[in-house]
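Residue-level structure breakdown
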Amino acid sequence: VGIAPGPIEGTPGMMKLAPGADQESVSEMVRAVIPMGRLGLTSDIGHMAVFLASGSGSFVTGDTIAVDGGQRLHKEMMVPREVVSEMAKAVEKKSREAGGASSSRL
């Protein structure tokens, strides 16, 4: 199990978002796109680690947990669904021509 932190206040990752820029301005811009309206704290990541290491997290396995205030869910898709569908159809066609795929519902 992994932890994928979002923007965490006061960390080197936040400074890398806009090197040389006023960090308060950068923080304000980042807060604006986080549904919970705030930057994460290092304690948010620590609490997730404690949860996962405790008995309460004993049934969590094989996943990466995003601790990002909902930022990941708020983002629009990077590649439109139609483009993904067309790419999948092209890959399936190639695979069929090579004799490697049976039927699909694409």
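As shown above, the structure is provided for reference.
Bear in mind that the values here come from a model prediction, so they are computed numbers and not experimental data. (Residues numbered from 1 in each chain as written. Predicted model: local features only at pLDDT ≥ 70, side-chain atom pairs only at ≥ 80, totals over all residues. Heavy atoms only, no water.)

**Focus: the nonpolar core**
If you look at the biggest cluster of nonpolar residues, it comprises 6 residues: Met 14, Ala 18, Val 26, Val 30, Ile 34 and Leu 39. For Met 14, the contacting residues outside a window of four places in its chain are Pro 7, Ile 8, Glu 9, Gln 23, Val 26, Ser 27, Val 30 and Leu 39. (Core = buried A, V, L, I, M, F, W, Y, C linked by side-chain atoms within 4.5 Å. Buried < 20%, exposed > 50% of the residue type's maximum accessible area, 1.4 Å probe, protein only. Contact = heavy atoms within 4.5 Å.)

**Some words on the pattern of salt bridges**
Evaluation of the coordinates by the stated rule reveals 4 salt bridges. We note a salt bridge from Asp 44 to Arg 38, for which the minimum N-O separation is 3.0 Å. For Glu 92, the salt bridge goes to Arg 96, with nearest N and O atoms at 2.7 Å. Taken together, the residues span about one helical turn, with Glu 92 and Arg 96 both in helix H5 (residues 81-97) at a distance of 4 residues. On the basis of relative accessible area, Glu 92 is assigned to the buried category, the value being 12%. Owing to a relative accessible area of 40%, Arg 96 belongs among the partly exposed residues under this scheme. Taken together, the shared-partner salt bridges in this structure form one network comprising Glu 9, Glu 24 and Arg 31. (Salt bridge = Lys/Arg side-chain N within 4 Å of Asp/Glu carboxyl O. Helix = DSSP H or I, 4+ residues; strand = E, 2+ residues; numbered from the N terminus.)

That is the geometry; function is a separate question.
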